[in-house]
Amino acid sequence: MQLKRIFDLLFSVIALILVGWLIVICFVIASLETQSNGIFKQKRVGQFGKLFTIFKLKTMHPKTEAVTFFGKYFRKYKLDELPQFYNVLIGDMSIVGPRPDVPGYYDQLTGEERKILELKPGITSEASLKYYNEDAILEQQQDPVGYNDTVIFPDKVRMNLDYYYKRNFNTDLKIIWQTIF
């Protein structure tokens, strides 16, 4: 078993032990607010382009599709992402790697950019740190999808390809440090 996988396992187990109580509280709040199961599941593009199910806390009401009161805070403080430590534990994700996207983006890459798919998707990355407020950036655009497709996504691809070539344990620790602090 390689060092990165061992680190991912240890980190996710420790994280789930430390924040498990918070995940449970947020799950109960999300369940009550959305009047449904508080876990959101969605297919995302994983390593080698294979789809996997990502787990997040629900932040939108399933009928109205409006962001809930607490959902705004879950998103702002990234609490909705905490269940992804389970994705790391079962091997679908890594702590550090390109953020998994919905089909139609990473799985459509060609040439050298396709190397990104050799990496496991991660909870955090340099690109996710740069675009931590991506929703707010897109809300300010007249054409959010076009802006994402022509500005944000190509920049993420460039950053993730750069990570592909320079990745090592120290780089991962630096990204984790920046994410936490």
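Now for a quick tour of the structure. Values in this document were obtained by computation on a predicted structure and should not be read as measured data. (Residues numbered from 1 in each chain as written. Predicted model: local features only at pLDDT ≥ 70, side-chain atom pairs only at ≥ 80, totals over all residues. Heavy atoms only, no water.)

1. Describing the packing of helix α1 (residues 3–34) against helix α2 (residues 69–76)
- At their nearest, the axes of α1 and α2 sit 9 Å apart, and the two run at 140° to each other. Relative to α2, the element α1 lies oblique. The interaxial crossing formed by α1 with α2 has left-handed handedness. Of α2, the residues touching α1 (which contributes Cys26, Ile29, Ala30 and Glu33) are Phe69, Phe70, Gly71 and Phe74.
- Of the residues contributing to the contact of α1 with α2, the split by class is 6 nonpolar, 1 polar and 1 charged. (Axes fitted to C-alpha atoms, helices over the stretch in contact; angles between N-to-C directions. Helix = DSSP H or I, 4+ residues; strand = E, 2+ residues; numbered from the N terminus. Parallel < 35°, antiparallel > 145°, perpendicular 65-115°, else oblique. Left-handed = near helix turned anticlockwise from the far one by under 90°. Contact = heavy atoms within 4.5 Å. Nonpolar A, V, L, I, M, F, W, Y, C, P; charged D, E, K, R; others polar.)

2. A look at the layout of surface pockets
- Size it by volume and the second largest pocket reaches roughly 370 Å³.
- The wall of the second largest pocket is formed by 18 residues, among which Gln2, Lys4, Arg5, Arg167 and Asp172 lie closest to the centre.
- For the lining of the second largest pocket, the elements supplying multiple residues, two or more each, are α1, β3 (94–96) and α7 (169–180).
- In terms of residue count, α1 provides more of the lining of the second largest pocket than any other element does, 5 residues in total. (1 Å grid on protein atoms, 1.4 Å probe; cavity = no way out; pocket = protein on both sides within 12 Å on 5 of 7 lines; lining within 4 Å. Points joined across faces, edges and corners; volume = space filled by probe spheres on them.)

These figures capture arrangement, not role.
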